[in-house]
Amino acid sequence: MFSTALRRPVLDLPTDLFAAIVDLKRELNAVILAHYYQESEIQDVADYIGDSLGLAQQAASTAADVIVFAGVHFMAETAKILNPDKQVLLPDLAAGCSLADSCPPDAFAAFKAAHPDHLVISYINCTAEIKAMSDIICTSSNAVKIVQQLPPEQPIIFAPDRNLGRYVIQQTGREMLLWQGSCIVHETFSEKKLVQLKIQHPNAEVLAHPECEPAVLHHADFIGSTTALLKYSFDQPGQEFIVVTEPGIIHQMQRQHPEKTFIPAPPNSNCNCNECPFMRLNTLEKLYLAMKNRSPEITLPEPIRIAALQPIQRMLAMS
Ligand code: 13P
Ligand code: SF4
């Protein structure tokens, strides 16, 4: 909050935003961490672009004084949990996540209390309050690996994404109690339109994120986190890929392999709802203003931060 005339927020934008952001990075000793679902310009100015695990690992190891998180709230919150003494900035505080919203702390506490013998594994796409109630955090890139490391007789609650949960059950053969949350973006893909697209592009391989529904995943040639999808598209000799996740990732695919064709999978209706409305709240302008004003900043009550830290550290050790 800017309470005095001396600390009025800057609202004016420089003509060369990119250069101004680079200057501010040096001035603040800041690092810009960006998710693949961010708009292309933000990806281009970032120091590191990654999936949720890669971003958490970078946040855990950075020597920067200021972390500028070009992603959504739970990602910036994770960076703050790992770095209580650093300033963590998020260009737009309204950049939330439908998965995180689908798991309210009170309801989850009651669910957990009803199953006291269960170990709680929570997908990183949840609030700090949910992390604080969890035993281990996971991401889409390490969920299978983490569940495989647990004793077979251990009952498990998996929250909040039912689709990732179902995928982990299928991969590990483990029964888990699933919280019924979901991602509005990954549930928007239409199986019917995907099948039509496959008929139009018979040589294309289908790359899908495990947050998609089982009927869509059924048609995938490869399923993985955003980093895993990217790596697969680089390593395969194939020239055509249908990408069943947020299309922001296509910027990196196309940048590395301009000769390959990447086709975004269509949503159910005629909308652009395969773009994450939360991720897309961040813009280059807001990124600049956040750095210039050193706000909006992520803050957390210390007891929640401490309780949420251990399950994140367990994940980092088990990854
Ligand atoms: P990953 O980048 O970890 O695959 O997660 C995708 C996602 O939905 C992030 O919100
Ligand atoms: Fe959340 Fe889905 Fe957006 Fe990822 S794509 S931030 S899971 S709403």
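Residues numbered from 1 in each chain as written. Chains lettered and ligands numbered in written order. Predicted model: local features only at pLDDT ≥ 70, side-chain atom pairs only at ≥ 80, totals over all residues. Heavy atoms only, no water.

## Points about the state of the cysteines
As used here, a disulfide is simply a covalent bond connecting the sulfur atoms of two cysteines. Threshold: To count as a disulfide, a pair of cysteine sulfur atoms needs to be within 2.5 Å. Type-normalised accessible area, obtained with a 1.4 Å probe on protein chains alone, sets the label of each residue: buried when under 20%, exposed when over 50%, and partly exposed for intermediate values.
Within this structure, the stated rule accounts for one disulfide. With its sulfur 1.7 Å from that of its partner, C271 forms a disulfide with C273. No disulfide involves C126; its sulfur sits 6.9 Å from the nearest other cysteine sulfur, which is in C103. On the accessibility criterion, C126 (0% relative accessible area) is buried.

## Remarks on the nonpolar core
Here is the rule we go by: Definition of nonpolar core: a set of buried residues of the types Ala, Val, Leu, Ile, Met, Phe, Trp, Tyr and Cys, connected through side-chain atoms within 4.5 Å. Strands here are runs of E lasting at least two residues and helices are runs of H or I lasting at least four, both read from the DSSP assignment and numbered beginning at the N terminus. The contact definition used throughout considers only heavy atoms, calling two residues in contact when any of these lie within 4.5 Å.
Counting 69 residues, the largest nonpolar core has F69, I121, F158, M176, I242, V244 and M315 as the members making the most contacts within it. Per-element tally for this core: the top contributor is helix α4 (residues 73-82), with six residues. Leaving out residues up to four positions away in the same chain, I121 has contacts with I136, C138, I146, V147, L150, I156, I157, F158 and A159. Among the nonpolar cores identified, the runner-up in size contains 32 residues, and A20, I21, I32 and A34 belong to it.

## Notes on the site of ligand 2
Put simply, the rule reads: Any residue with at least one heavy atom within 4 Å of a molecule or strand is counted as near it. Here the nonpolar group is Ala, Val, Leu, Ile, Met, Phe, Trp, Tyr, Cys and Pro; Asp, Glu, Lys and Arg are the charged ones; every other residue, Gly included, is treated as polar.
Close to ligand 2 lie Y37, V72, C97, S98, L99, N125, C183, V185, E211, C276, F278 and M279. Residue classes in the shell around ligand 2 are distributed as nine nonpolar, two polar and one charged.

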